[in-house]
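Each chain, written out:
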Amino acid sequence: TMRKLTVGGLKVFLQQSRKCFTNFIREEPTTKDKTSKFCFVFGNEASDLDSMTSSLLYSYFKQIQTQGEELTYLPIINIPKEDFPLRGDAVWLYKTNGFPTDDFIYLDEVPPFLEVIERCKPHDSLRFIMVDHNKPGDAQKIVADLVEEIIDHHNDEDKNNKNYPLINRKVVEPVGSCTTLVVHEILSKNYDLDPSLSLASAGVILLDTANFDANAARSTDKDKEVLATLLKSVTDNVNTTELFKTLQKEKYSISHLNTAELLRKDYKEWRRDEIPGKVGISSFNQSLADWEKKEKEITVRLEEFSKKKDLVISMVMTAYNNPDNGKFERQLVVYSEDESLFKKLCEFLEKQDKLKLREIKLSGQKETPKEVKGHIKYYQQEVTQSSRKVIEPLLSSEFFSK
(Lines give C-alpha, C1' and ligand atoms only; values in the text may rest on other atoms or scores of the structure.)
Protein backbone atom coordinates (compact mmCIF):
# COMPACT_ATOMS: atom_id res chain seq x y z
CA THR A 1 0.00 0.00 0.00
CA MET A 2 1.12 3.55 -0.69
CA ARG A 3 1.70 5.66 2.38
CA LYS A 4 1.45 9.41 1.99
CA LEU A 5 3.56 12.34 3.13
CA THR A 6 1.31 15.39 3.48
CA VAL A 7 1.84 19.07 4.11
CA GLY A 8 -0.33 18.74 7.25
CA GLY A 9 1.82 15.84 8.41
CA LEU A 10 4.93 17.98 7.88
CA LYS A 11 3.49 20.60 10.23
CA VAL A 12 2.73 18.06 12.98
CA PHE A 13 6.20 16.52 12.54
CA LEU A 14 7.95 19.92 12.86
CA GLN A 15 5.96 20.89 15.95
CA GLN A 16 6.64 17.58 17.69
CA SER A 17 10.33 17.59 16.83
CA ARG A 18 10.75 21.12 18.13
CA LYS A 19 8.88 20.24 21.33
CA CYS A 20 11.01 17.14 22.02
CA PHE A 21 14.22 19.04 21.42
CA THR A 22 13.16 22.09 23.46
CA ASN A 23 12.24 19.88 26.42
CA PHE A 24 15.57 18.07 26.14
CA ILE A 25 17.55 21.35 26.12
CA ARG A 26 15.60 22.67 29.13
CA GLU A 27 16.25 19.64 31.32
CA GLU A 28 19.31 19.36 33.52
CA PRO A 29 21.87 17.12 31.78
CA THR A 30 22.03 14.82 34.83
CA THR A 31 18.31 14.05 35.00
CA LYS A 32 18.02 13.56 31.26
CA ASP A 33 16.09 10.56 30.02
CA LYS A 34 18.82 8.40 28.52
CA THR A 35 16.71 7.21 25.61
CA SER A 36 16.20 10.62 23.91
CA LYS A 37 18.17 10.49 20.69
CA PHE A 38 18.35 13.25 18.08
CA CYS A 39 19.36 13.48 14.46
CA PHE A 40 19.91 16.87 12.83
CA VAL A 41 19.27 16.97 9.09
CA PHE A 42 20.84 20.02 7.48
CA GLY A 43 21.61 21.46 4.04
CA ASN A 44 24.55 23.59 2.95
CA GLU A 45 25.40 27.02 4.35
CA ALA A 46 23.96 28.88 1.35
CA SER A 47 20.66 27.30 2.42
CA ASP A 48 18.99 27.69 -0.93
CA LEU A 49 15.58 26.30 -1.85
CA ASP A 50 17.00 22.86 -2.73
CA SER A 51 18.84 22.55 0.60
CA MET A 52 15.83 23.57 2.66
CA THR A 53 13.38 21.34 0.80
CA SER A 54 15.73 18.34 0.93
CA SER A 55 16.21 18.64 4.70
CA LEU A 56 12.49 19.16 5.38
CA LEU A 57 11.32 16.22 3.25
CA TYR A 58 14.07 13.80 4.21
CA SER A 59 13.78 14.36 7.97
CA TYR A 60 9.97 14.04 7.84
CA PHE A 61 10.32 10.82 5.82
CA LYS A 62 12.92 9.39 8.23
CA GLN A 63 10.68 10.23 11.20
CA ILE A 64 7.70 8.39 9.68
CA GLN A 65 9.89 5.32 9.27
CA THR A 66 11.10 5.26 12.88
CA GLN A 67 7.77 4.76 14.63
CA GLY A 68 8.17 3.48 18.13
CA GLU A 69 11.82 4.44 18.51
CA GLU A 70 12.93 7.24 20.83
CA LEU A 71 14.59 9.04 17.95
CA THR A 72 13.72 12.58 16.88
CA TYR A 73 14.73 14.03 13.52
CA LEU A 74 15.18 17.80 13.27
CA PRO A 75 15.49 19.54 9.93
CA ILE A 76 17.70 22.56 10.53
CA ILE A 77 17.18 25.48 8.14
CA ASN A 78 20.85 26.47 7.99
CA ILE A 79 20.43 30.27 8.27
CA PRO A 80 19.18 32.65 10.98
CA LYS A 81 15.41 33.11 10.99
CA GLU A 82 15.71 36.78 9.94
CA ASP A 83 17.38 35.73 6.67
CA PHE A 84 14.52 33.53 5.48
CA PRO A 85 12.60 36.43 3.83
CA LEU A 86 15.68 37.01 1.64
CA ARG A 87 15.02 33.69 -0.11
CA GLY A 88 12.19 35.01 -2.29
CA ASP A 89 11.77 31.77 -4.25
CA ALA A 90 11.35 29.75 -1.03
CA VAL A 91 9.00 32.31 0.54
CA TRP A 92 6.75 32.16 -2.54
CA LEU A 93 6.87 28.40 -3.21
CA TYR A 94 6.29 27.42 0.43
CA LYS A 95 3.50 29.95 0.90
CA THR A 96 1.71 28.86 -2.29
CA ASN A 97 1.82 25.22 -1.18
CA GLY A 98 0.86 25.76 2.45
CA PHE A 99 4.21 24.84 4.03
CA PRO A 100 4.26 25.61 7.78
CA THR A 101 7.14 28.12 7.62
CA ASP A 102 6.30 29.39 11.14
CA ASP A 103 7.24 25.95 12.45
CA PHE A 104 10.59 25.72 10.62
CA ILE A 105 13.58 25.26 12.91
CA TYR A 106 16.22 27.86 12.03
CA LEU A 107 19.91 27.77 12.86
CA ASP A 108 19.63 30.48 15.51
CA GLU A 109 16.73 28.68 17.23
CA VAL A 110 18.92 25.80 18.38
CA PRO A 111 22.08 26.14 20.48
CA PRO A 112 25.36 26.12 18.50
CA PHE A 113 26.12 22.61 17.18
CA LEU A 114 29.20 22.39 19.42
CA GLU A 115 27.06 22.90 22.54
CA VAL A 116 24.51 20.31 21.42
CA ILE A 117 27.31 17.82 20.68
CA GLU A 118 28.83 18.35 24.16
CA ARG A 119 25.41 18.02 25.74
CA CYS A 120 24.69 14.70 24.00
CA LYS A 121 28.18 13.22 24.40
CA PRO A 122 27.67 11.33 27.66
CA HIS A 123 24.88 9.24 26.09
CA ASP A 124 26.17 9.31 22.50
CA SER A 125 22.68 10.47 21.58
CA LEU A 126 23.29 12.77 18.60
CA ARG A 127 23.78 12.15 14.87
CA PHE A 128 23.79 14.30 11.73
CA ILE A 129 22.56 13.80 8.18
CA MET A 130 23.95 16.10 5.50
CA VAL A 131 21.85 16.88 2.42
CA ASP A 132 22.86 18.98 -0.60
CA HIS A 133 26.55 19.03 0.42
CA ASN A 134 29.14 16.39 1.25
CA LYS A 135 31.61 18.54 3.17
CA PRO A 136 30.48 20.73 6.08
CA GLY A 137 31.27 24.45 5.90
CA ASP A 138 34.14 25.73 8.07
CA ALA A 139 31.80 26.84 10.85
CA GLN A 140 30.23 23.35 11.03
CA LYS A 141 33.30 21.12 10.58
CA ILE A 142 32.75 19.86 14.11
CA VAL A 143 29.83 17.64 12.99
CA ALA A 144 31.84 15.35 10.66
CA ASP A 145 32.56 12.76 13.40
CA LEU A 146 28.82 12.25 13.94
CA VAL A 147 27.55 12.22 10.34
CA GLU A 148 25.73 8.99 9.56
CA GLU A 149 24.23 9.77 6.14
CA ILE A 150 24.95 12.01 3.16
CA ILE A 151 22.63 12.68 0.23
CA ASP A 152 24.07 15.10 -2.28
CA HIS A 153 24.46 15.98 -5.96
CA HIS A 154 27.80 17.83 -5.89
CA ASN A 155 31.25 16.47 -6.63
CA ASP A 156 32.27 14.04 -3.82
CA GLU A 157 35.08 15.71 -1.86
CA ASP A 158 35.82 12.72 0.37
CA LYS A 159 35.35 9.53 -1.62
CA ASN A 160 36.89 7.26 1.05
CA ASN A 161 34.90 8.84 3.90
CA LYS A 162 38.06 9.51 5.88
CA ASN A 163 36.30 12.33 7.72
CA TYR A 164 33.16 10.33 8.49
CA PRO A 165 33.89 7.44 10.87
CA LEU A 166 30.18 6.75 11.55
CA ILE A 167 28.78 7.01 8.04
CA ASN A 168 26.51 4.13 7.07
CA ARG A 169 24.84 5.50 3.94
CA LYS A 170 26.04 7.83 1.24
CA VAL A 171 24.28 8.78 -1.98
CA VAL A 172 26.25 11.24 -4.10
CA GLU A 173 24.99 11.44 -7.68
CA PRO A 174 25.47 14.27 -10.20
CA VAL A 175 21.76 14.95 -10.76
CA GLY A 176 20.30 18.44 -11.22
CA SER A 177 18.74 18.76 -7.80
CA CYS A 178 19.26 17.14 -4.40
CA THR A 179 15.47 17.13 -4.00
CA THR A 180 15.41 14.65 -6.91
CA LEU A 181 17.50 12.18 -4.85
CA VAL A 182 15.38 12.66 -1.72
CA VAL A 183 12.06 12.22 -3.55
CA HIS A 184 13.47 9.21 -5.45
CA GLU A 185 14.33 7.61 -2.10
CA ILE A 186 10.83 8.30 -0.72
CA LEU A 187 9.09 6.87 -3.81
CA SER A 188 11.34 3.79 -3.86
CA LYS A 189 10.12 2.88 -0.36
CA ASN A 190 6.49 2.96 -1.56
CA TYR A 191 5.64 6.32 -0.06
CA ASP A 192 3.82 9.00 -1.94
CA LEU A 193 3.67 12.82 -1.66
CA ASP A 194 0.43 14.80 -1.49
CA PRO A 195 -0.30 17.44 -4.19
CA SER A 196 1.22 20.32 -2.17
CA LEU A 197 4.50 18.56 -1.39
CA SER A 198 4.61 17.22 -4.96
CA LEU A 199 4.14 20.63 -6.56
CA ALA A 200 6.71 22.25 -4.27
CA SER A 201 9.28 19.50 -5.00
CA ALA A 202 8.57 19.82 -8.73
CA GLY A 203 9.24 23.57 -8.48
CA VAL A 204 12.62 22.97 -6.82
CA ILE A 205 13.66 20.51 -9.54
CA LEU A 206 12.55 22.90 -12.31
CA LEU A 207 14.52 25.76 -10.77
CA ASP A 208 17.66 23.67 -10.26
CA THR A 209 17.64 22.21 -13.76
CA ALA A 210 16.82 25.64 -15.28
CA ASN A 211 13.59 24.11 -16.59
CA PHE A 212 15.61 21.32 -18.27
CA ASP A 213 17.40 23.83 -20.47
CA ALA A 214 19.81 21.85 -22.65
CA ASN A 215 22.38 24.68 -22.48
CA ALA A 216 22.42 24.60 -18.69
CA ALA A 217 23.53 20.93 -18.75
CA ARG A 218 22.29 20.40 -15.25
CA SER A 219 19.60 17.78 -15.70
CA THR A 220 19.57 13.99 -15.90
CA ASP A 221 17.02 11.30 -16.72
CA LYS A 222 16.52 10.77 -13.01
CA ASP A 223 15.44 14.42 -12.60
CA LYS A 224 12.98 13.98 -15.50
CA GLU A 225 11.53 10.72 -14.13
CA VAL A 226 11.07 12.06 -10.62
CA LEU A 227 9.49 15.26 -11.95
CA ALA A 228 7.05 13.27 -14.11
CA THR A 229 5.98 11.18 -11.10
CA LEU A 230 5.52 14.30 -8.96
CA LEU A 231 3.40 16.02 -11.60
CA LYS A 232 1.09 12.99 -11.71
CA SER A 233 0.31 13.56 -8.01
CA VAL A 234 -0.77 17.15 -8.63
CA THR A 235 -4.50 17.51 -9.21
CA ASP A 236 -4.38 20.36 -11.76
CA ASN A 237 -2.35 20.53 -14.92
CA VAL A 238 0.92 22.31 -14.22
CA ASN A 239 2.45 24.72 -16.69
CA THR A 240 6.07 23.90 -15.85
CA THR A 241 7.48 26.85 -17.82
CA GLU A 242 5.26 29.30 -15.93
CA LEU A 243 6.18 27.73 -12.60
CA PHE A 244 9.89 27.97 -13.45
CA LYS A 245 9.59 31.60 -14.60
CA THR A 246 7.72 32.62 -11.45
CA LEU A 247 10.32 30.97 -9.21
CA GLN A 248 13.12 32.62 -11.16
CA LYS A 249 11.41 36.01 -10.83
CA GLU A 250 10.72 35.56 -7.08
CA LYS A 251 14.28 34.40 -6.43
CA TYR A 252 15.71 37.68 -7.67
CA SER A 253 12.87 39.98 -6.63
CA ILE A 254 13.70 42.53 -3.96
CA SER A 255 10.43 44.47 -3.95
CA HIS A 256 9.23 42.80 -0.73
CA LEU A 257 12.40 43.55 1.26
CA ASN A 258 12.88 46.37 3.74
CA THR A 259 16.19 48.25 3.91
CA ALA A 260 17.76 46.05 6.62
CA GLU A 261 16.98 42.96 4.52
CA LEU A 262 18.15 44.62 1.32
CA LEU A 263 21.52 45.46 2.91
CA ARG A 264 21.96 41.83 4.06
CA LYS A 265 20.82 40.08 0.89
CA ASP A 266 24.10 40.21 -1.02
CA TYR A 267 26.67 41.32 1.51
CA LYS A 268 30.41 40.81 2.04
CA GLU A 269 32.55 42.05 4.90
CA TRP A 270 36.14 41.84 6.03
CA ARG A 271 38.22 42.98 8.96
CA ARG A 272 41.21 45.31 8.65
CA ASP A 273 43.89 45.67 11.31
CA GLU A 274 44.26 49.38 10.45
CA ILE A 275 40.75 50.21 11.64
CA PRO A 276 38.78 49.28 14.79
CA GLY A 277 36.09 47.24 13.05
CA LYS A 278 35.08 45.94 9.65
CA VAL A 279 34.42 47.12 6.12
CA GLY A 280 31.10 45.95 4.63
CA ILE A 281 29.82 46.22 1.08
CA SER A 282 26.17 45.52 0.26
CA SER A 283 25.02 45.31 -3.31
CA PHE A 284 21.59 45.15 -4.92
CA ASN A 285 19.83 45.58 -8.25
CA GLN A 286 17.95 48.81 -7.73
CA SER A 287 18.74 52.46 -8.39
CA LEU A 288 19.12 54.93 -5.52
CA ALA A 289 16.06 56.75 -6.89
CA ASP A 290 13.97 53.56 -6.52
CA TRP A 291 15.45 52.78 -3.11
CA GLU A 292 14.62 56.31 -2.01
CA LYS A 293 10.96 55.86 -2.96
CA LYS A 294 10.68 53.32 -0.13
CA GLU A 295 13.37 54.55 2.27
CA LYS A 296 13.42 58.18 3.41
CA GLU A 297 16.19 57.72 6.00
CA ILE A 298 19.08 55.96 4.31
CA THR A 299 21.64 57.49 6.71
CA VAL A 300 19.75 56.25 9.77
CA ARG A 301 19.43 52.74 8.30
CA LEU A 302 23.15 52.62 7.44
CA GLU A 303 24.00 53.72 10.98
CA GLU A 304 21.84 50.89 12.42
CA PHE A 305 23.35 48.38 10.01
CA SER A 306 26.93 49.51 10.80
CA LYS A 307 26.33 49.17 14.54
CA LYS A 308 24.81 45.73 14.17
CA LYS A 309 27.65 44.49 11.97
CA ASP A 310 30.46 46.39 13.73
CA LEU A 311 31.38 48.33 10.56
CA VAL A 312 33.69 51.32 10.45
CA ILE A 313 32.97 51.72 6.74
CA SER A 314 29.70 50.71 5.11
CA MET A 315 29.31 50.87 1.35
CA VAL A 316 26.40 50.14 -0.96
CA MET A 317 26.80 49.31 -4.64
CA THR A 318 23.75 49.42 -6.88
CA ALA A 319 23.44 47.95 -10.38
CA TYR A 320 20.33 48.43 -12.49
CA ASN A 321 18.98 49.14 -15.97
CA ASN A 322 17.99 52.77 -16.37
CA PRO A 323 14.44 52.81 -17.81
CA ASP A 324 14.99 56.27 -19.37
CA ASN A 325 17.88 55.29 -21.64
CA GLY A 326 17.89 51.47 -21.43
CA LYS A 327 21.51 51.52 -20.21
CA PHE A 328 23.08 49.43 -17.44
CA GLU A 329 24.26 51.76 -14.66
CA ARG A 330 25.98 51.61 -11.28
CA GLN A 331 25.97 53.82 -8.21
CA LEU A 332 27.96 53.84 -5.00
CA VAL A 333 27.17 54.98 -1.46
CA VAL A 334 29.89 55.54 1.14
CA TYR A 335 29.03 55.82 4.83
CA SER A 336 31.21 56.15 7.94
CA GLU A 337 31.05 57.74 11.38
CA ASP A 338 34.80 58.35 11.39
CA GLU A 339 35.10 61.77 9.76
CA SER A 340 38.77 61.75 8.82
CA LEU A 341 38.64 58.17 7.51
CA PHE A 342 35.49 59.08 5.53
CA LYS A 343 37.23 62.09 3.91
CA LYS A 344 40.33 60.08 3.03
CA LEU A 345 38.29 57.22 1.59
CA CYS A 346 36.12 59.51 -0.55
CA GLU A 347 39.19 61.35 -1.87
CA PHE A 348 40.83 58.03 -2.70
CA LEU A 349 37.76 56.64 -4.49
CA GLU A 350 37.16 59.88 -6.41
CA LYS A 351 40.66 59.59 -7.93
CA GLN A 352 40.15 56.05 -9.25
CA ASP A 353 39.99 55.69 -13.05
CA LYS A 354 38.58 52.20 -12.51
CA LEU A 355 35.43 53.80 -11.07
CA LYS A 356 35.11 57.39 -12.44
CA LEU A 357 32.80 58.61 -9.69
CA ARG A 358 30.57 61.66 -9.96
CA GLU A 359 28.89 62.88 -6.78
CA ILE A 360 25.07 63.06 -6.87
CA LYS A 361 22.51 64.34 -4.37
CA LEU A 362 19.33 62.57 -3.30
CA SER A 363 16.29 64.82 -3.13
CA GLY A 364 13.75 62.74 -1.19
CA GLN A 365 15.59 62.13 2.09
CA LYS A 366 14.32 63.40 5.44
CA GLU A 367 16.70 65.56 7.45
CA THR A 368 19.08 63.30 9.35
CA PRO A 369 18.47 63.42 13.14
CA LYS A 370 21.16 65.24 15.16
CA GLU A 371 22.16 62.10 17.06
CA VAL A 372 23.19 60.29 13.86
CA LYS A 373 26.90 61.06 13.57
CA GLY A 374 27.50 59.37 10.22
CA HIS A 375 28.83 60.97 7.04
CA ILE A 376 27.44 59.92 3.68
CA LYS A 377 28.11 60.51 -0.02
CA TYR A 378 26.26 59.24 -3.08
CA TYR A 379 27.95 58.70 -6.44
CA GLN A 380 27.13 57.78 -10.00
CA GLN A 381 29.81 55.32 -11.15
CA GLU A 382 30.67 55.93 -14.81
CA VAL A 383 32.74 52.74 -15.23
CA THR A 384 29.91 50.23 -15.10
CA GLN A 385 32.10 47.11 -15.42
CA SER A 386 33.60 47.63 -11.97
CA SER A 387 31.70 45.51 -9.44
CA ARG A 388 32.53 44.68 -5.82
CA LYS A 389 35.26 42.38 -7.16
CA VAL A 390 37.11 45.53 -8.32
CA ILE A 391 36.49 47.71 -5.26
CA GLU A 392 37.52 45.06 -2.73
CA PRO A 393 41.15 44.76 -3.95
CA LEU A 394 41.36 48.53 -4.50
CA LEU A 395 40.61 49.04 -0.82
CA SER A 396 42.74 46.22 0.53
CA SER A 397 45.85 46.57 -1.62
CA GLU A 398 45.87 50.33 -2.22
CA PHE A 399 43.78 52.33 0.25
CA PHE A 400 44.63 50.44 3.43
CA SER A 401 48.24 49.63 2.57
CA LYS A 402 49.18 53.30 2.25
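Just above, that's the structure.
Draft legend 1. The nonpolar core, seen in detail. Core analysis: the biggest nonpolar cluster contains 52 residues, and Leu49, Tyr94, Phe99, Phe104, Ile186 and Leu197 have the highest contact counts within it. Counting 24 residues, the second-largest nonpolar core is a separate cluster that includes Met317, Phe342, Leu349 and Tyr379.

Draft legend 2. Region of the structure containing the sheet that holds strand β2 (residues 37-42). Judged by pairing direction, the sheet is parallel, and its 6 strands sit side by side in the order β4-β3-β2-β5-β6-β7 without closing on themselves. Each edge of the open sheet is held by one strand with a lone partner, namely β4 (105-106) and β7 (169-172). Bridge count for β2 against strand β3 (residues 71-77) is 6 bridges, and the pairing is parallel. Bridge assignment links Val41 to a residue of β3, and that residue is Pro75. Strands in contact with helix α4 (residues 113-120) are β2, β3 and β5 (126-131); relative to β5, the strand with the most contacts, it is inclined by about 145 degrees.

Draft legend 3. Spotlight on the state of the cysteines. Inspection of every chain in the model, using the stated rule, returns 0 disulfides. Free of any disulfide, Cys178 has its nearest cysteine sulfur in Cys39, 15 Å distant. Residue class for Cys178 comes out buried when judged on its relative accessible area of 0%.

Draft legend 4. Inspection of helix α7 (residues 221-233) at higher detail. Look at α7: 19 Å from first C-alpha to last across 13 residues, which is about the 18 Å you get at 1.5 Å a residue. All buried positions along α7 are accounted for by Lys222, Asp223, Val226, Leu227 and Leu230. Burial along α7 is one-sided: seen end-on, the buried residues are contained in an arc of 125 degrees. The exposed set on the far side of α7, more than 90 degrees from its buried face, consists of Asp221, Glu225 and Lys232. Looking at the packing, one finds that the buried side of α7 touches α5 (178-188), β8 (191-193) and α6 (195-208).

Draft legend 5. Layout of the environment of Glu269. For Glu269, the position within the fold is in strand β9 (residues 267-272). Residue Glu269 is classed as partly exposed on the basis of its relative accessible area, which comes to 34%. C-alpha separation for the pair Glu269 and Glu392, spaced 123 residues apart in sequence, amounts to 9.6 Å. The contact partners of Glu269, leaving out residues within four places of it in the chain, are Lys278, Val279, Gly280, Lys309 and Leu311. Of the polar contacts made by the side chain of Glu269, one reaches the side chain of Tyr267; its length is 2.6 Å.

Reading the values: the criteria
- Residues numbered from 1 in each chain as written.
- Predicted model: local features only at pLDDT ≥ 70, side-chain atom pairs only at ≥ 80, totals over all residues.
- Heavy atoms only, no water.
- Core = buried A, V, L, I, M, F, W, Y, C linked by side-chain atoms within 4.5 Å.
- Buried < 20%, exposed > 50% of the residue type's maximum accessible area, 1.4 Å probe, protein only.
- Pairing = 2+ DSSP bridges.
- Helix = DSSP H or I, 4+ residues; strand = E, 2+ residues; numbered from the N terminus.
- Contact = heavy atoms within 4.5 Å.
- Axes fitted to C-alpha atoms, helices over the stretch in contact; angles between N-to-C directions.
- Disulfide = S-S within 2.5 Å.
- Expected span 1.5 Å × (residues − 1).
- Arc of directions from axis to C-beta.
- Polar contact = N/O pair within 3.5 Å; in protein donor to acceptor, adjacent residues only side chain to side chain.

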